[in-house]
Amino acid sequence: MKKLRSGYTTGACAAAAAKAATLRLLGAQQLTEVEIPFPDGRRVQFSIERCTQTDNPSNKGCAGIIKDAGDDPDVTNGALIHAAVWFSETSGAASEVISILGGEGVGTVTKPGLALPIGSPAINPVPLKMIREAAAEALHEYCSLPYPAINIEISVPNGRELADKTLNARLGIVGGISILGTTGIVKPISAEAWTATITS
């Protein structure tokens, strides 16, 4: 039997996009790849789909990563995971200055029982940590303490449509998909096994 290929979670892609967008905001040019840390200590390189900087209405670094779920039958495979990063008003240590927001296509938590408070963007705890660590690397590379404060907005342009193919509505996540992952890696199951789990 063919060995199934692993891929990367939406959380890992969001972290890679966040680092690339932060680097762009801080002055990096002609970015085509970015490397981020994973929870198990490994480092993984991602190809950047697009990386730009805007100055209207405010100065933002923007970057996108196309999610590659490997051979897993994942509805978010091929989705663009986008990050926009801009400066805010304060400064300090990396743990103090990075704020993470949910943009278009990222769901909002509306019911209790999840690992996130009601009203927060549906970006799970491990992806939040990965995004902060990846962006902190960019700050460390380009800035000295105290670091400038940054806002990071994660969005998925077609996230609302993709969410209709998930169980998000039943879980109380509305308006888009969840940014998920505990290891950064998607371990694939076969399409036949997936079909069996939802039809049995």
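Above this text is the structure in question.
Residues numbered from 1 in each chain as written. Predicted model: local features only at pLDDT ≥ 70, side-chain atom pairs only at ≥ 80, totals over all residues. Heavy atoms only, no water.

**Student:** For helix H1 (residues 10-25), give the residues involved together with the corresponding values.
**Tutor:** Helix length check: H1, at 16 residues, gives a terminal C-alpha distance of 22 Å against a target of 22 Å (1.5 Å per residue), a fit within 8%. Most of H1 is tucked away, with 16 of its 16 residues classed as buried. (Helix = DSSP H or I, 4+ residues; strand = E, 2+ residues; numbered from the N terminus. Expected span 1.5 Å × (residues − 1). Buried < 20%, exposed > 50% of the residue type's maximum accessible area, 1.4 Å probe, protein only.)

**Student:** Which residues make up the packing of aromatic side chains, and what values go with them?
**Tutor:** Summed over the entire model, instances satisfying the criterion amount to 3 aromatic pairs. For the pair Tyr8 and Phe38, a centre-to-centre distance of 6.0 Å together with 80° between the ring planes defines the contact as edge-to-face. You can see Tyr8 sitting in strand S1 (residues 7-8) and its partner Phe38 sitting in the loop between strand S2 (33-37) and strand S3 (43-47), a full 30 residues away along the chain. On the accessibility criterion, Tyr8 (25% relative accessible area) is partly exposed. Since its relative accessible area comes to 3%, Phe38 is described here as buried. Here Phe38 and Phe46 contribute two aromatic rings whose centre-to-centre distance is 6.4 Å and whose plane-to-plane angle is 25°, an arrangement assigned as stacked. An aromatic cluster is present here, built from Tyr8, Phe38 and Phe46 joined pairwise through their rings. Lying over the aromatic face of Trp86, Lys60 brings its terminal NZ or CZ to 4.6 Å of the ring centre. (Phe/Tyr/Trp six-rings, centres within 6.5 Å; stacked < 30°, edge-to-face > 60°. Lys NZ or Arg CZ within 6 Å of the ring centre and 35° of its normal.)

**Student:** Before we move on, could you go through the environment of Gly64 and cite the residues and values that matter?
**Tutor:** By the secondary structure assignment, Gly64 is in strand S5 (residues 60-66). Using a relative accessible area of 0% as the deciding quantity, one classes Gly64 as buried. When the C-alpha atoms of Gly64 and Ile98 are compared, they prove to be 19 Å apart, with 34 residues separating the residues in sequence. Once residues lying within four places of it in the same chain are set aside, the contact partners of Gly64 are Ile48, Glu49, Arg50, Leu80, Ile81 and His82. (Contact = heavy atoms within 4.5 Å.)

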